[in-house]
Amino acid sequence: MDARQTFARLMPALWVLTDARNDAALEHALAHLPPGSGLVFRHYHLRGTERRARFDALAWLARAKGHWVFLAGSPATARRWGADGVYGAPTRVAGGHGLLRLATAHSLRELGAAGRAGADAVMLSPVFPTRSHPGGKTLGPLRFRLLAAHSPVPVIALGGMNARTANRLAWPHWAAIDGRAAQR
């Protein structure tokens with residue numbers, strides 16, 4: 001069974017996305033996520049060797065717990081760094097041949113683009129209000145479900161997600177940035 005088939009069968013229910021806000025809590029989160037969860041390393045605030053070193057440290061911890069590791073970056077960098085997959089807009093993940101591809105989407109059009117790009121899954125957001133975009137427009141549970149029903153690939157809920165909102169949404173796959181994903 002290749003990585004795509006394994007991922008399709010075992011796609012993580014729970015994901016954590018990294019950034020500057022949650023950096024100090026990532027080791028704790030990775031240690032407490034259920035085995036086989038997902039890590040999306042973004043850390044856009046870091047550059048060069050500092051970014052690579054942080055990726056390596058978190059990837060090592062994630063793999064020790066059996067988590068999948070995705071890199072927000074180019075497919076070539078994700079391959080070079082040893083990530084399981086690449087994360088980003090559908091146009092960014094389209095060239096991820098040989099890697100798993102996790103696309104982002106905010107609309108029906110972008111869900112279609114993710115399918116055409118060959119994404120293995122898509123993070124659809126924002127479901128609920130977020131600290132990342134205070135006052136921003138959200139999908140809400142009903143619109144999220146309507147869009148997800150038309151997705152050509154599996155959907156992961158993102159945006160304002162934590163254990164409480166995940167329970168409210170009753171969706172099998174969700175991701176958090178600062179929503180204490182490990183406290184499921």
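This text goes with the structure placed above it.
These notes cover the structure that comes with them. Everything quoted here is computed from the prediction, not taken from an experiment.

## So, the overall build of the protein
The helix and strand inventory of the protein stands at eight helices and eight strands. Here the protein has a C-alpha radius of gyration of 15 Å; the compact-globule value for 184 residues is 16 Å, and the two agree. Along the first, second and third principal axes, the C-alpha atoms of the protein reach 40 × 35 × 30 Å. Taken across its 184 residues, the protein has 51% of its residues classed as buried. Across the protein, contacts joining residues at least 24 apart in sequence account for 49% of those joining residues at least 6 apart. Carbon and sulfur atoms form 56% of the exposed surface of the protein, whose accessible area is close to 8,900 Å².

## Observations regarding the nonpolar core
The biggest cluster of nonpolar side chains holds 42 residues, and the ones touching the most others in it are F55, V122, L124, F144, A157, M161 and L169. Looking at this core element by element, the count peaks at four residues for helix α3 (residues 48-64). Grouped together as the second largest cluster of nonpolar side chains are 17 residues, V40, Y87, L158 and A175 included.

## Some points on α3
In this model α3 runs 24 Å from its N-terminal to its C-terminal C-alpha over 17 residues, within 8% of the 24 Å that 1.5 Å per residue would give. Among all positions in α3, only R51, R54, F55, L58, A59 and A62 are buried. Buried residues in α3, looked at end-on, bunch into an arc of 130 degrees, giving them a common side. In this structure, α3 carries T49, E50, W60 and A64 as exposed residues pointing more than 90 degrees from its buried face. Looking at the buried positions of α3, the neighbouring elements they touch are α2 (26-32), β2 (38-41), β3 (68-72) and α4 (75-81). At the C-terminal side of α3, G66 shows a positive phi close to 80 degrees.

## Here we look at the packing of aromatic side chains
Each pair of aromatic rings is reported with the distance of its centres and the angle of its planes. Across all of its chains, the model carries seven aromatic pairs by this definition. Between W15 and F70 the ring centres are 5.4 Å apart and the planes differ by 70 degrees, which places this aromatic pair in the edge-to-face class. Residue W15 is located in strand β1 (residues 14-17), and its partner F70 is located in strand β3; the two are separated by 55 residues in the primary sequence. A centroid spacing of 5.4 Å and a plane angle of 80 degrees characterise the contact between F41 and F55, whose relative ring orientation is edge-to-face. With F41 in strand β2 and F55 in helix α3, this residue pair connects regions lying 14 residues apart in the sequence. Taking the relative accessible area as the measure of exposure, F55 reaches 1% and is therefore buried. Through a chain of ring-to-ring contacts, the aromatic side chains of F7, W15, W68 and F70 assemble into a single cluster.

Scoring rules and cut-offs
Residues numbered from 1 in each chain as written. Predicted model: local features only at pLDDT ≥ 70, side-chain atom pairs only at ≥ 80, totals over all residues. Heavy atoms only, no water. Helix = DSSP H or I, 4+ residues; strand = E, 2+ residues; numbered from the N terminus. Rg over C-alpha atoms; globule rule 2.2 N^0.38 Å. Buried < 20%, exposed > 50% of the residue type's maximum accessible area, 1.4 Å probe, protein only. Contact = heavy atoms within 4.5 Å. Areas by Shrake-Rupley, 256 points an atom, 1.4 Å probe, with all protein chains shown as cover. Core = buried A, V, L, I, M, F, W, Y, C linked by side-chain atoms within 4.5 Å. Expected span 1.5 Å × (residues − 1). Arc of directions from axis to C-beta. Phe/Tyr/Trp six-rings, centres within 6.5 Å; stacked < 30°, edge-to-face > 60°.

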